[in-house]
Each structure stands twice: as structure tokens, then as C-alpha cells.
Amino acid sequence: MTDRAAVETRVLRVLRWVVIIGLVLVTLFPFYYMALLSLRPIEEVLQNPGRIWAGPAEWTVSTYREVLSSVDDGGQGFMRLLLNSAIVSVAATMVTLLASIPGAYAVSRLRFTGRRQVHFLFLAVYLFPSILLAIPLFVLFTRLGLRGSLLGLTIVYVAQTVPVSIYMLRNYLTTIPESLEEAAAVDGYTRLQTLRKVVLPLAAPAVMANALYVFMIAWNEFLFALLFLVEDRADWTVSLGLAQLSGGIEVSKTVLMAGSVVLTVPIVIIFFAAERLLTEGLTAGADKG
Amino acid sequence: MVATEPRQAPPEPPARARRVLTRRQRENRAGLAYLSPTLIVVVVVVVLPVLWTVMLAFQRIRLINLRRAGVFGDYTLANLELVLTSPGFWSSLWTTIVYTVGATLGSIVIGLIAALALRGRFFGRTFVRASVLLPYVAPVVAVTFVWEILLSPQFGLANNWGTRFLGWDQPIAFLSQRQYEVSLLGWHFDVPLALLTVIVFEAWRYFPFAFLFLLARLQAVPAELEEAARVDGAAPTQIFRHILLPQLGPVIALLTVLRFIMTFNKFDDVYLLTGGGAGTEVVSVRVYNFLTARFDIGAASAQALILALGLVVLLVVYLRYLAPRVEGEER
């Protein structure tokens, strides 16, 4: 080993740990602070803004009570908003998968006119800013009476996620040997049966990963929720409700943080659950060789 | 993209040829049928709106007279003129470009450093890798609020610690101050503070995206390559420069394009952090303000259209002149 190599290796060994610790701090600290602030009484936060630790004895759950209790009880009614978000996200996920699984199968396996051109269509979804789509959709949905409904929002989310979903699934489907489908065809399966009974079980990990991805996008989305749903509080999603909450003057920052925790926790749970599920799916594939 | 298989059309007896043809036709029909739900949704919710925006951009439409809007409206260039000559349009376009380039570069550089640092094995690697992804998966509304509170001049942690431990004279309004004077070695110059903060936020939120792509590529680099270089006495920086970087080139080029497109079109991050104030008004936020404050649909559409066209032009320039050539393309 040359001198330079030896010196660099030693320096980088230290630097690597500095980077790792720095990354963990920078990524986790805001979430820790969010949770901490949501549990501290507001008066105390305003007096000591610099504290980054508070023992359980000082915690209060009144912020969560205010966020979650219904509007009639003087709260912010986030339970209702959580339900709305869940309905939209689950519906968007299911519809997207129903459209993208056969779509991805078609793109990866079947020869049809315009197969090559399809990608350009999908590119359009990402090339044009959502604010550009928002204007005509705002007009169109107003005319159709779909604006201000969770259904309208779901349709937009499906359109926004279906191209990526097809792309991801297609990449996975191409790794499944076609001979399996040929065998199924010999056994007298129709194309749809093959897709359902042979391809789908094999692609299960990719489908799950995809479902979680779509769910996350729909759960976190803000712009279209803001444009379409803002008029009627009963239809708000959590993201929108939280943004509207910040506009209120009488709402304290700790309540805002409690709302943020309520919005973030489902996604974080899903994300960590999915990590395990994904690795399990991958190792299961590796076992089979 | 998928390379289409070579057409298998060897000359065959007529009887068989017809059967092959019908099978091909069936496949064609099935392919279109399977893709049709997707096509319908994308056409209705994306393609038609885009075309409609083009039409709206050339008509004087406000929310009140929207009912009148149709295919055969009065076409005019008034919107474009209004937008291009309106105060703040060009500076907003410039802000968008600075914001996009800064955030794209920032997220890729941090993502690369993260991927290099977290690539090997160490205790707690799974946990660290998962937690690094959090900024990317967490809801944008929640994350922007935490940043706002952390950076707040009144009760923000950053300012509290800054004045207590770093000797700042007074709290810094990170998100609402346009210019901040910095003196360095006797030189005084202004830093666009709010814009810089928004760029840092964007880099923080999206470096995990770059990290995921780069880590996946790094792990596919054959270990023998690095091993051989190390045996030959190459220093880590040399290994990075001459072995890893060339392997990462295509991914970095792809990431640049993806992040550039997404940041250029980004709305919620800036809107939630600053509302477009203090020199952070990117075009998408400006379009939103046109739409909601003035109900001027025509002008908003024209502006959105200019945004999309600007993106296309910048992408063409990038792909034509600046993008690293993909390895193997020359071969």
C-alpha cells in the first residue's frame, strides 16, 4: 500500500462514521423534534425553545385530544380526515393496481399496435407540471360536479401513479420466465387465467411494493386536495386539514405538531413494515435459486 | 425501453399464415384491451387537460365567464403578452432555474456521499438505511411544518442555539428574509437567504431518492474491480475517480434529468414553506397565485404552458450538450 492510500484509508474510515452519524442526525432529528414538541405544553415550549429533551413526567396529550376530537367537541376533527385520507388512498391504490397489472402484462408480453408509443404518453404525465393539469381539471371537474368529491381526487391520483406503477411492474414481469406461461397455456388456461393464477402470485412482492408506493403518493398529496376539496371541511384529507390548521391563528404550534405526527405515523409504519416485507419477498426468491 | 422482438414473418403456406395472423390479431386486441383502462385514465386526466390548457392559454377566460369557454372561443395572444410583460415574470423564471439546479445538484451530491458511506457493512446498517429514507417518504405538509418551526425566529431551535452557542447577534428569519448580508474576510455580499433555505430543504427531502438509485448501482459494481485496484496500491479517492464514478455516470445522468423535471414542476414544497414570498416565487407557485387570487384562468394557463415549454427547452439543451455520454453508446 502506498503512503497516499494508507493515509486516505485511515482518514476515510473516520470520515465515514462522521458522515453516517451526521446523516442519521439530519434525517431523524426533525421527526424526533416533531414528536417531542407535540407532547410538550405550549407555554413551556415558548419559554424554553432550545430544549431538546423532556421526560415523560412533563408530557401532555391534550394536543392530541384537540387534534383528534370532532369539531362538535371543540377539536379539529382529524379522525374524520384520517378516514377521508384512508378512503382516497386505498381506493387509488386498488384502482391503480387493477389498471396497471394487466397494463404492465400487456407492455411486457403482448405485441400490439402502438406498444412502443405508449411510453411517450406516460412521459407526458411527468413532463407537464401538475399545476398545468390542475387548471383544466379544476374546470372539468367543476362542470362534471366531481370537484369537491373524494371520487374526483381518486381519479386524479390514479392517473398520476399508473404510469410509474406500470413501469415498475413491467421491470419485474420481464424477469419471470415466459416458459411458465406457455406451460399454463398448454394446460388450457386462458390468457386472463394465466395472468391471475400464474403471473400474479409470482409477481406478488412487486405488486405489494407497488401498492405501498401508490398509497404513499396518495396519502402525502397536497396540491389537488387543496384545489378540489378546500371548500367543504367534511371532505378534507389529513394533509389539507393540517395545512388549513396552520392558517388558524388560535392554533398553537404544539397542536400543529400533533397533527403532523398523526399525518406521518401511518406512512412511517407502512414504510417500516414494507421494508421487511420487501426483503422477505426478495430472500424468498433467492431461496428458490 | 423495450426492444421489440424482430417480427417473425417467414413466408409460409397461405393456410398457416392466416392462422398466425389471427393469433397475432388476437394478441393485438388483448394487448390493447389490457392497457385500455390505463389509457383511458391517462388520456382523460392528463392528455386532454394538457390540450385544453393550450386552448385556454389563448383565450381571455376568467372564472366568471368560464361557461362561455369552448373550442370555438375568441383566440388571442393577450394572455401571453400579459404574462411575458407582467412584473416579476422573468425573475420568477430565473428563481425557478436557480432553485431547480441547486436542489438537483444538492440532492445528488448528498445522495452520492450517503450511498458511498452506507455501502459497506456495519452495525445497524439496516436501521440507518431505512431512517435515511424517511425525509422522502414522509408527508410534505408535516415535514415543511417541522422545518418552519425549527427555523422560526421567535421560538425556533436553530435560532435559539445560534444565538446561544454560535454568537449570532440576532435571530435569522430563514424563510422570510430575501437577502442576508454576509461578511467574509472583509468582503460583504448578499445571499438570497430564503431561496437558499428552500433549496437546502429540497436537497434534504430528495437526497434519499438519489441515494436509492446510486446505492443500487454501487452494489452492482463487481468487487474484483475494486479489489484489483486496491492491490495495485490505488488510494480510495483514485478508486472512486477512476472505477466507481465511470460506473455511476449513466445513473447520475438519469437522476439529473428526473430530479430536474420533478423539481422544476414542484409546487407544494415552496408553497408550504414560504408561500412564494421573499424571493422564492417559482413559476408553479405563481401560476397558483394567478389562479386563486385573480381567478384569471387564461393567464394562469399561459404561464403554466410557458413553464412546460421552458422545461422542454432546458431538457433538450441538457440532453444535447451537457449530459454525460452513456457508456457503450459509442460502441
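Because the structure is a prediction, the values reported are computed rather than measured.

## Some words on the overall build of chain A
When its secondary structure is counted, chain A shows 13 helices and 0 strands. Ordered by position in the sequence, the α and β elements of chain A form the string α-α-α-α-α-α-α-α-α-α-α-α-α. When each of the 289 residues of chain A is scored for burial, the buried share is 38%. Residue pairs in contact within chain A that sit at least 24 positions apart in sequence constitute 71% of those at least 6 positions apart.

## Quick notes on the overall build of chain B
Check the secondary structure of chain B and you find 13 helices and 2 strands. Here chain B holds 331 residues, and the buried ones make up 38% of them. Of the contacts made within chain B by residues no fewer than 6 positions apart, 64% connect residues no fewer than 24 positions apart.

## What about the environment of Ile113 of chain B?
All names here are of chain B. Note that Ile113 resides in helix H3 (residues 89-117). Accessibility expressed as a C-beta count within 10 Å gives 18 for Ile113, which makes it partly exposed. The spatial distance from the C-alpha of Ile113 to the C-alpha of Gly167 is 30 Å, given a sequence separation of 54 residues.

## Notes on the interface of chain A and chain B
Contact residues are listed per partner, giving 80 residues for chain A and 72 residues for chain B. In terms of residue count, the dominant contributor to the side of chain A that touches chain B is helix H1 (residues 3-39) of chain A (18 residues). Split by residue class, the side of chain A that touches chain B holds 57 nonpolar, 14 polar and 9 charged.

## Notes on the pairing of strand S1 (residues 179-184) of chain B
All names here are of chain B. Of all 6 residues that make up S1, 0 are buried, and the element is exposed over most of its length. In this structure, S1 lies alongside strand S2 (residues 187-192), joined through 6 bridges in antiparallel fashion. Along S2, the bridge assignment pairs Val182 with Phe189. Counting the residues that bridge the hairpin from S1 to S2 gives 2 residues, and of these Leu185 lies at a positive phi of roughly 50°.

## Description of the packing of H1 of chain A against helix H4 (residues 125-132) of chain B
The N-to-C vectors of H1 of chain A and H4 of chain B enclose an angle of 45°; their axes lie 9 Å apart at closest approach. Comparing their axes, H4 of chain B and H1 of chain A come out oblique. Helix-helix and strand crossings are classified by hand; for H1 of chain A and H4 of chain B the assignment is left-handed. Across the interface between the two elements, Ile20, Leu23, Val24, Thr27 and Leu28 of chain A of H1 of chain A pack against Val128, Ser131 and Val132 of chain B of H4 of chain B. The residue inventory of the contact of H1 of chain A with H4 of chain B, partitioned by class, reads 6 nonpolar, 2 polar and no charged.

## Quick word on the environment of Gln160 of chain A
Residues and elements named next belong to chain A. The residue Gln160 is located in helix H7 (residues 150-173) in this model. As for Gln160 and Ile270, which are separated by 110 residues in sequence, their C-alpha atoms are 21 Å apart. Discounting residues that sit within four places of it in the chain, Gln160 has contacts with Val125 and Ile217.

## Regarding helix H4 (residues 78-109) of chain A
With 32 residues, H4 of chain A should reach 46 Å at 1.5 Å per residue; the first-to-last C-alpha distance of 45 Å fits that figure. Taking the largest bend as the criterion, H4 of chain A deviates by roughly 25°, centred on Ser100 of chain A, and proline Pro102 of chain A comes between one and four positions later.

## A short note on the domain arrangement of chain B
Residue and element names in this part refer to chain B. According to the domain assignment, chain B contains domain 1 (30-68) and domain 2 (86-330). Computed from C-alpha atoms alone, the centre-to-centre distance between domain 1 and domain 2 is 31 Å. Counting residues at the interface gives 10 residues for domain 1 and 8 residues for domain 2. In terms of residue class, the side of domain 1 that touches domain 2 is built from 6 nonpolar, 2 polar and 2 charged.

## Side note on the environment of Leu84 of chain B
Residue and element names in this part refer to chain B. Residue position: Leu84 is located in helix H2 (residues 78-85). A tally of 13 C-beta atoms within 10 Å means that Leu84 is categorised as partly exposed. Along the backbone, Leu84 and Ile306 are 222 residues apart, and their C-alpha atoms lie at a distance of 9.3 Å.

About the cut-offs
- Residues numbered from 1 in each chain as written.
- Chains lettered and ligands numbered in written order.
- Predicted model: local features only at pLDDT ≥ 70, side-chain atom pairs only at ≥ 80, totals over all residues.
- Helix = DSSP H or I, 4+ residues; strand = E, 2+ residues; numbered from the N terminus.
- Buried ≥ 20, exposed ≤ 12 C-beta atoms within 10 Å, placed from the backbone.
- Contact = placed C-beta atoms within 7 Å.
- Nonpolar A, V, L, I, M, F, W, Y, C, P; charged D, E, K, R; others polar.
- Pairing = 2+ DSSP bridges.
- Axes fitted to C-alpha atoms, helices over the stretch in contact; angles between N-to-C directions.
- Parallel < 35°, antiparallel > 145°, perpendicular 65-115°, else oblique.
- Left-handed = near helix turned anticlockwise from the far one by under 90°.
- Expected span 1.5 Å × (residues − 1).
- Bend = angle between axes of the 7 residues up to and from the residue.
- Domains from an automatic or database assignment.

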